[in-house]
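Letter by letter, the chains look like this.
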Amino acid sequence: MADELVPEVSSLDDIYSSVDQRERYAAIFDSFASKYNAEPEFLSRSPGRVNLIGEHIDYCYFSVLPMAIESDIVIAVRKNNDACLRLANTDARFPPTTVPLSASGAFVVVDKADSSWADYFKCGHLVAHEFLNSAAGPAAPVVPLGMDIVVDGTVPAASGLSSSAAFICAAALATLRVNGVTSVSKQELTAMAIVSERHLGVFSGGMDQSASVYGKPDHALYVQFKPELRCTPFKFPAAQPPLSFVIANSLVHANKHDTAPTNYNLRVVEVSLAAEILAHKYAVVIPQDSGIGTGTLRGFMEAYFAKKEGALPWDGDVDEGSRRLTEMAELVRQTFTIKDGYTKEQAAAALGVSDADLHQKFLAKTPVRFSKLQLYGRALHVYEEAGRVLKYLTTMLHPPSSPSSSDSIFTSLGSLMDQSHASLDTLFDSSCPELNTLCSIARANGSAGSRVTGAGWGGCTVHLVPLDKAEKLNAALREQYYKVRFPGISDEDIEQALVVSKPGIGSLVYTGGRPQI
Ligand code: NG1
């Protein structure tokens, strides 16, 4: 992938197309001036994203189809000479805090036991500092400069729209610039941000950071992780009526960090264990390159076809990928005969190791809690979902020529989204009643396809809807979901829950100063 640089812009018109952001930026400048009695030197910003399809497969290194949205995290920054990070937030729920920087160039410490909003800044700072140290070579350690900071966000927290990755990408970018790195490639920024949330104990994949950094106005992204990270922008095909996506927040708070032992990280463990059991059964050796240092389902697929057919690793070709993924799903059906979950002992036996070794390799890396390990459903979801991504992409790039109802673009894409949701609900167990209700109401009111987007267990849903039916859909969600589930909810809160956003530009540095109003 060409090493495109993270852009620097001086006009807000180069960032936002749907909502005038001058008042927001002026308020950020005011807030900065009132806290630090000075103007910021620059602002870094990075957007949230919505994932169209391809859920819980990025950490298995299968491709996904997200798009950056215009909601973002903006960080106003000025360097200080006080060897500390002074962090303030325009949202009063997030109290100001000061983080001392060590004179020896030691990294800031993220205390997982005492979590705070500032941790996301610290994670971004930490990986940027690592980058500065490796760039300095023998001259390291670099002692990072102090920073005065004001953060302002429009990506709702814990909503599945990737506020955490947006915050971390913007924080890493700000830290680099304050410390003299004025030009960083998108690939470098993405790579450092991908590993950063592990400092908070979440073994996430790379979708959110890629979408946040590589976002392109009016485009969605085809993000591939193997053989190397590649983000290919593509436009929605012209359709009559045009395609539109409605994003509806369930308003169920989905805190990925607190629930990691039973939800996100447990899924990472289950799919890794499934990959290793398949590798054991089919006697192939797989690379230990997952976030928790084990094999992945992608790694198994490559090794299996190399052994069976002498095939090279899958290069992204859609037909070949579909063929291989279909075979993988079949192997999962045959291999995982205990459909309702494996005990630790059963999993160890399937892997041909002792209980202690299973524990050491899979269960001791990160705290997890379960009654049974769901290997069949998790692995089947991953391979089938990866196949749906390829079909979705193909339909986007080569839409059906006939607009007849049986094979219109809405029917084709919509049914893939519905299948994705059903799989996340039943096989991956990452939905919840509120998300299911939102999807059902949407389908009954004009949505061609509806699904949870992001990690799930709350957060947002995404609905494909012909543009001329979007208002009807919004009205139905307002009356039948928000007003029923949250009696007394204000119109303003409902408006905010129905996130309206066009595909937007990725991470950048804004140097245009205080906007004129
Ligand atoms: P969100 O929705 O931002 O919590 C998480 C992971 C992604 C991906 C999705 C599920 C992080 C930062 N992001 O997204 O990498 O695995 O879940 O598809 O943890």
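Given the structure is predicted, the values throughout are model-derived calculations rather than measurements. (Residues numbered from 1 in each chain as written. Predicted model: local features only at pLDDT ≥ 70, side-chain atom pairs only at ≥ 80, totals over all residues. Heavy atoms only, no water.)

Regarding the sheet that holds strand β10 (residues 449-452)
In a beta sheet, neighbouring strands are held together by backbone hydrogen bonds and run either parallel or antiparallel to one another. With respect to topology, four strands assemble into an open sheet ordered β10-β11-β9-β12, the strand pairing being antiparallel. Unpaired on one side and paired on the other, β10 and β12 (498-499) mark the two borders of the sheet. Across two bridges, the pairing between strand β9 (residues 243-249) and β12 is antiparallel. When the bridges of β12 are listed, I247 appears paired with V499. (Pairing = 2+ DSSP bridges. Helix = DSSP H or I, 4+ residues; strand = E, 2+ residues; numbered from the N terminus.)

Section: the nonpolar core
Of all hydrophobic cores here, the largest spans 139 residues; its most connected members are F62, I75, L297, F300, F336, Y383 and Y392. By residue number, the principal contributor to this core is helix α11 (residues 375-397), which donates twelve residues. Once residues lying within four places of it in the same chain are set aside, the contact partners of F336 are A274, I277, L278, Y342, L375, Y376 and A379. Residues V9, Y16, L508 and Y510 belong to the second largest nonpolar core, which totals 17 residues. (Core = buried A, V, L, I, M, F, W, Y, C linked by side-chain atoms within 4.5 Å. Buried < 20%, exposed > 50% of the residue type's maximum accessible area, 1.4 Å probe, protein only. Contact = heavy atoms within 4.5 Å.)

Overview of the site of the ligand
Around the ligand, a shell composed of 18 residues is seen, among which E55, H56, D58, D208 and Y264 lie nearest. Within the contact set of the ligand, an oxygen atom lies 2.7 Å away from a backbone nitrogen or oxygen of H56. A455 places a main-chain nitrogen or oxygen 2.9 Å from an oxygen atom of the ligand. Bound to the protein, the ligand loses 97% of the 440 Å² it would expose on its own. For the shell around the ligand, the class distribution of residues is five nonpolar, seven polar and six charged. (Near = heavy atom within 4 Å. Polar contact = N/O pair within 3.5 Å; in protein donor to acceptor, adjacent residues only side chain to side chain. Areas by Shrake-Rupley, 256 points an atom, 1.4 Å probe, with all protein chains shown as cover. Nonpolar A, V, L, I, M, F, W, Y, C, P; charged D, E, K, R; others polar.)

A word on the packing of helix α6 (residues 264-281) against α11
Following both chains from N to C, one finds α6 and α11 inclined at 90°, their axes separated by 9 Å at the closest point. By the angle between their directions, the pair α6 and α11 is classed as roughly perpendicular. Across the interface between the two elements, R267, E270, V271, L273, A274, I277 and L278 from α6 touch L375, R378, A379, V382 and Y383 from α11. Residues that form the contact of α6 with α11 fall into these classes: nine nonpolar, no polar and three charged. (Axes fitted to C-alpha atoms, helices over the stretch in contact; angles between N-to-C directions. Parallel < 35°, antiparallel > 145°, perpendicular 65-115°, else oblique.)

Quick look at the UniProt feature "domain: GHMP kinase C-terminal" (unreviewed entry) in the protein chain
In the numbering adopted here, UniProt assigns the feature "domain: GHMP kinase C-terminal" (unreviewed entry) to residues 411-483. The span residues 411-483 carries 56% helix and 15% strand; its end-to-end C-alpha distance comes to 29 Å. (UniProt positions renumbered as here; feature names shortened; annotations may be inferred.)

Here we look at empty space enclosed by the protein
Scanning the entire structure with this criterion turns up two cavities of 30 Å³ or more. As a volume, the largest cavity reaches approximately 60 Å³. Every residue lining the largest cavity is listed: V6, P7, E8, L173, R177, V181, T182, S183, V184 and V509. Among the residues making up the lining of the largest cavity, the classes are represented as six nonpolar, two polar and two charged. Computed from the structure, the second largest cavity encloses a volume of approximately 40 Å³. (1 Å grid on protein atoms, 1.4 Å probe; cavity = no way out; pocket = protein on both sides within 12 Å on 5 of 7 lines; lining within 4 Å. Points joined across faces, edges and corners; volume = space filled by probe spheres on them.)

Re the layout of surface pockets
As a volume, the second largest pocket reaches approximately 370 Å³. Around the second largest pocket, the lining is made up of 18 residues, and of these S244, F245, L467, S501 and K502 lie nearest the centre. Secondary-structure elements contributing two or more residues to the lining of the second largest pocket are β9, α14 (470-485) and β12. For the lining of the second largest pocket, the residue count by class is twelve nonpolar, three polar and three charged.

Quick look at the pairing of strand β3 (residues 65-80)
Moving residue by residue along a regular strand, the side chains alternate between the two faces of the sheet. Along β3, 14 of the 16 residues are buried, which leaves the element largely enclosed by surrounding structure. The pairing of strand β2 (residues 42-53) with β3 spans ten bridges and is classified as antiparallel. The partner of S44 across the bridge, within β3, is I75. As defined by bridge partners, β3 adjoins strand β6 (residues 146-153) across eight bridges and the pair is classed as antiparallel. Bridge assignment links V77 to a residue of β6, and that residue is I149.

Quick notes on the sheet that holds strand β13 (residues 508-510)
Strands sit in the order β1-β13-β2-β3-β6-β4-β5 across an open sheet of seven strands; the sheet is mixed. Each end of this open sheet is capped by a strand with a single partner; those strands are β1 (8-9) and β5 (97-100). On the sheet, helix α2 (residues 118-136) packs against β3, β4 (84-89), β5 and β6 and is oriented at approximately 140° with respect to β4.

Comments concerning the environment of L435
Structurally, L435 is set in helix α13 (residues 433-443). Sequence-wise, L435 and S450 are 15 residues apart; in three dimensions their C-alpha atoms are separated by 9.8 Å. Not counting chain neighbours up to four residues away, the residues in contact with L435 comprise S250, H421, S430, V452, G456, W457, G458, G459, C460 and T461.

Details of the pairing of β4
Here β4 lies mainly inside the structure; five of its six residues are buried. Pairing between β4 and β5: four bridges, direction antiparallel. When the bridges of β5 are listed, L87 appears paired with T97. With five bridges connecting them, β4 and β6 associate as parallel partners. In the sheet register, A88 faces β6, and the bridge partner there is V150.

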